[in-house]
Amino acid sequence: MNKKTLKDLDVKGKKVFCRVDFNVPMANGEVSDDTRIKAALPTIEYLTEQGAILILASHLGRPKGEVVKDLRLDPIAKRLSDLIGKDVTKTDAVFGKEVNEALSLLSDGDILLIENVRFEPGEEKNDEKLAQSFADMADLYVNDAFGAAHRAHASTTGVAEKLPAAAGLLMEKELDVLGKALENPERPFTAIIGGAKVKDKIGVIDHLLDKVDNLLIGGGLAYTFIKAQGHEIGQSLLEEDKIDVAKQFMEKAKEKGVNFIIPEDAIVADEFAEDANTKIVAIDEIPKDWEALDIGPKTRETFSEIVADSKLVIWNGPMGVFEFNAFAGGTQAVAEALAETNGYTVIGGGDSAAAASKFGFADQMDHVSTGGGASLEFMEGKELPGVQALDEK
Ligand SMILES: Nc1ncnc2c1ncn2[C@@H]1O[C@H](COP(=O)(O)OP(=O)(O)OP(=O)(O)O)[C@@H](O)[C@H]1O
Ligand SMILES: O=C(O)[C@H](O)COP(=O)(O)O
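Residues numbered from 1 in each chain as written. Chains lettered and ligands numbered in written order. Predicted model: local features only at pLDDT ≥ 70, side-chain atom pairs only at ≥ 80, totals over all residues. Heavy atoms only, no water.

Under the convention used in this document: UniProt positions are given in the numbering used here, feature names are shortened, and annotations may be inferred rather than shown by experiment.
Taking an unreviewed UniProt entry as the reference, the chain is identified by name as Phosphoglycerate kinase belonging to Virgibacillus necropolis. One UniProt comment on the chain, placed under Subunit (unreviewed entry), says "Monomer."

In structure tokens, the structure reads:
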């Protein structure tokens, strides 16, 4: 990586403003999944052990510049404190008198978590004054929030331009793993793309077609491709205005010699419901009034065989409506195939990461990205503003 990292900084006795992505799922006022908090621990522990005074900043949800009680970071401060076995001071303010007073009481190795930065209207606007307030608190800036690196906000880019700025250990690892995968992949290299909409995956499919040996398409977006091949898809998800793009991708795959695979069978349902009537059909036999909600058994087998023979697999997006048990089998089969292959496996965050943990395979993946949108933009070949803003080595 050509950006400065934690190891390039001398942090002892310095105030370090560290942006983390603690945008975690909450239920009943408590953290219901602390994966992202745990992922930031190496950076937090390194900084405190080195004797920095650590100021942590994160967003939670999308409060749009207003204070939203349920999006306060107190439960996160508590969980962090339990995980590291150390007190974490939490302020109700994002900056100003309360934060400065709290900071003045801290010693080397202590931790302060400021309030949800998105309570400030200036955060998402990358407001200069807010960025300056963050910079005024600290001597150094560290960005460990890979999950928010695709956002150009005051706490991710604005402040980075005002202080010596380096990547945290999680940021460094994410960029290393995803970067190596895309720049110098071991082959055969397979990408599996699922999820709901072609629209959301155009950039990533296009970019991956220049890189991969196999591109496997599942999920709701597959049916636009199937329609583009001239088959009827009943009530399945269709983006009429993306049929041409789907055709172009299939052409591009042919030109590039990429093995482009779309489902050969599906589980169809007579309504979008957990307890709908279902059957397995060949892909050119989807009944008019039914909709395809998961990939079928033959497709699962084909996908699993390709994954087994791959040296590198990247997976983004579920293969079906995995939230309903009746249509979770395809996603589970893909997660299992990744868990079993000897190849290096990378999950591109979001729903696929949730699915891998739901089915108990997350620990068997080589890398589960903490970024949903961020990993997708990275895989599209875009520069992430939160990374761009860091100091060059
Ligand atoms: N065949 C299908 N028909 C309808 N919906 C589907 C189908 N297959 C998958 N989905 C839905 O797609 C949704 C996930 O789509 P999305 O594009 O958001 O995935 P994702 O890219 O993994 O998400 P994220 O951006 O959070 O990583 C799931 O809620 C799932 O139910
Ligand atoms: O959950 C995420 O993907 C990140 O925390 C970014 O959140 P955002 O989409 O609300 O900017």
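1. As for the layout of surface pockets
Rules: In the cavity and pocket records, a cavity denotes points on a 1 Å grid over the protein atoms alone where a 1.4 Å probe fits but cannot get out, a pocket denotes an open set with protein on both sides within 12 Å along at least 5 of 7 lines, and lining residues are residues with an atom within 4 Å of a point. Grid points are joined across faces, edges and corners, and a volume is the space filled by probe spheres set on the points. Only runs of H or I of at least four residues qualify as helices and only runs of E of at least two qualify as strands under DSSP, and these elements are numbered from the N terminus. Just so you know, the domain bounds were taken from an automatic or database domain assignment.
For the largest pocket, the calculated volume is near 960 Å³. For the largest pocket, the lining is made up of 40 residues, of which Thr35, Arg36, Ala353, Ser369 and Thr370 are closest to its centre. Broken down by secondary-structure element, the contributors of at least two residues to the lining of the largest pocket are α1 (35-49), α7 (169-183), α13 (350-358) and β17 (367-368). Of the residues forming the lining of the largest pocket, the biggest block, five residues, is contributed by α1. In this structure, the lining of the largest pocket is formed jointly by two domains, domain 1 (6-169) and domain 2 (177-380), each of which donates at least three residues.

2. Looking at the site of ligand 1
We count it as follows: Any residue with at least one heavy atom within 4 Å of a molecule or strand is counted as near it. Think of a polar contact as two N or O atoms within 3.5 Å of one another; within protein, one of them needs to be a possible hydrogen donor and the other a possible acceptor, and neighboring residues in sequence only count if both atoms come from side chains. Surface accessibility follows the Shrake-Rupley procedure with a 1.4 Å probe radius. Residue values consider only the protein chains on display as shielding. Think of it this way: a molecule belongs to a cavity or pocket when more than half its atoms come within 2 Å of the grid points there. Charged residues are taken to be Asp, Glu, Lys and Arg, nonpolar residues to be Ala, Val, Leu, Ile, Met, Phe, Trp, Tyr, Cys and Pro, and polar residues to be all remaining types, Gly included.
Near ligand 1 you find 19 residues, and of these Ala196, Lys201, Gly220, Glu323 and Asp351 are the closest. Contact between ligand 1 and Glu323: an oxygen atom at 2.5 Å from a side-chain N or O atom of the residue. Protein contact buries 80% of the 650 Å² of open area that ligand 1 shows by itself. Spatially, ligand 1 is embedded in the second largest pocket. When residues of the shell around ligand 1 are traced back to their parent elements, those giving at least two are β14 (291-295) and α13. Top element by residues in the shell around ligand 1 is α13. It accounts for three residues. By residue class, the composition of the shell around ligand 1 is seven nonpolar, nine polar and three charged.

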